[in-house]
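# Structure at a glance
Spelled out, the chains give:
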Amino acid sequence: STGTQDILRFMQDQYRHPSPVERIVLQGPVSDREYMMLDSGVKRWLEHAQTLVDTNQGDQLMPCTVFDAPITAYRYHSLVSVCGDDDYFSSDLSDKFQHERYKYVVVPSLWLFSESDEYVPKHVDLALLTSRISAALPAKHHIEVLVKDNHQAQAQTT
């Protein structure tokens with residue numbers, strides 16, 4: 001999901017400048033926020049990150065127990081807060097917010113979601129989410145749900 005966020009951020013940065021990018025592929029777009037919020041301790045750490053960001057200390061590292069890798073308060077806040085800078089794929093984003101987020105995708109795009117993605121919470125309606133994303137995209141696009149595939153686009157056998 002970080003790679004898909006990076007692509008969308010790049011498209012946003014390139015929006016006003018000519019770009020050599022002609023097409024993009026986004027494989028495994030998932031909401032870090034929705035997945036991370038399944039952990040009851042996240043709210044406490046989000047409040048801590050918010051305090052650091054609010055006091056211009058967003059570059060401070062969060063405690064090592066918070067995330068699998070070193071992460072700054074700003075990055076953590078960006079991933080976990082509603083409408084944070086990296087909240088691109090949450091199922092509860094408003095249509096208006098989605099249109100604002102995706103308006104920079106001005107080249108043809110291929111979106112590959114996985115039906116059995118272990119990072120997508122059970123409450124997320126993938127069909128509804130992909131339909132809403134499709135409606136928000138301004139350029140030609142194709143959205144595919146890979147049946148039985150996990151986050152790495154590997155088929156899962158039952």
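What comes next is a walk through the structure. Residue numbers run consecutively from 1 along every chain, following the written order of its sequence. Predicted model: local features are reported for residues with pLDDT of at least 70 only, side-chain atom pairs are reported and counted for 80 or more only, and whole-chain, interface and lining totals are derived from all residues. Computation of side-chain values: all heavy atoms of the structure, hydrogens and water removed.

## Section: the pairing of strand β3 (residues 141-146)
Inspection of the sheet shows strand β2 (residues 109-114) paired to β3 by six bridges, in the parallel sense. Along β3, the bridge assignment pairs phenylalanine 113 with valine 145. As for the winding sense of the linkage, the β-α-β connection from β2 through helix α6 (residues 126-136) to β3 is right-handed. DSSP-based pairing: two strands are paired if at least 2 bridges between them are found. Numbered from the N terminus, helices here are DSSP runs of H or I no shorter than four residues, and strands are runs of E no shorter than two. By definition, the crossover connecting two strands over a helix is right-handed if that path, from the first strand to the second, turns clockwise as seen with the strands pointing away from the viewer.

## Things to note about the environment of proline 70
On the secondary structure map, proline 70 appears in the loop between α3 (42-54) and α4 (73-80). Judged by relative accessible area, proline 70 falls into the exposed class, the value being 75%. Each C-alpha atom of the pair proline 70 and aspartate 13 lies 25 Å from the other, and the pair is 57 residues apart in sequence. Categorising residues by exposure relies on relative accessible area from a 1.4 Å probe, with only protein chains included: less than 20% of the type maximum marks a residue as buried, more than 50% marks it as exposed, and the intermediate range marks it as partly exposed.

## Some points on the pairing of strand β1 (residues 24-27)
The alternating pattern of β1 places Ile24 and Leu26 on a buried face, while none of Val25 and Gln27, on the opposite face, is buried. By the bridge criterion, four bridges tie β1 to β2 in an arrangement that is parallel. Opposite leucine 26, over in β2, you have tryptophan 111 as the bridge partner.

## What to know about the pattern of salt bridges
Note on definitions: salt bridges are taken to be side-chain nitrogens of Lys or Arg within 4 Å of carboxyl oxygens of Asp or Glu. One pass over the full model with this rule turns up seven salt bridges. For arginine 9, the salt bridge is made with aspartate 86, and the minimal N-O distance between the two is 3.9 Å. Linking arginine 9 in helix α1 (residues 2-14) with aspartate 86 in the loop between α4 and α5 (95-102), this pair joins segments that are 77 residues apart in sequence. Judged by relative accessible area, arginine 9 falls into the partly exposed class, the value being 27%. Residue class for aspartate 86 comes out buried when judged on its relative accessible area of 11%. Two residues, aspartate 92 and arginine 33, come together in a salt bridge whose shortest N-O distance is 2.4 Å. Of this pair, aspartate 92 sits in the loop between α4 and α5 while arginine 33 is found in helix α2 (residues 32-36), placing the two residues 59 residues apart along the sequence. Arginine 33 gets classed as buried once you look at its relative accessible area, which sits at 6%. Each of Arg9, Arg75 and Asp86 takes part in a single network of salt bridges with overlapping partners.

## Brief notes about the packing of aromatic side chains
Side-chain rings of Phe, Tyr and Trp (the six-membered ring for Trp) are treated as a pair once their centres are within 6.5 Å; stacked means planes under 30 degrees apart, edge-to-face means over 60, and tilted covers the remaining angles. Tallied over the entire structure, the rule returns five aromatic pairs. Ring geometry for tyrosine 35 and tyrosine 119: centres 5.0 Å apart, planes at 80 degrees, overall edge-to-face. Residue tyrosine 35 is located in helix α2, and its partner tyrosine 119 is located in the loop between β2 and α6; the two are separated by 84 residues in the primary sequence. Between the aromatic rings of tyrosine 88 and phenylalanine 89, the centroid separation amounts to 6.0 Å while the plane-to-plane angle is 40 degrees, which identifies the pairing as tilted. For the pair shown, tyrosine 88 and phenylalanine 89 are each scored as buried.

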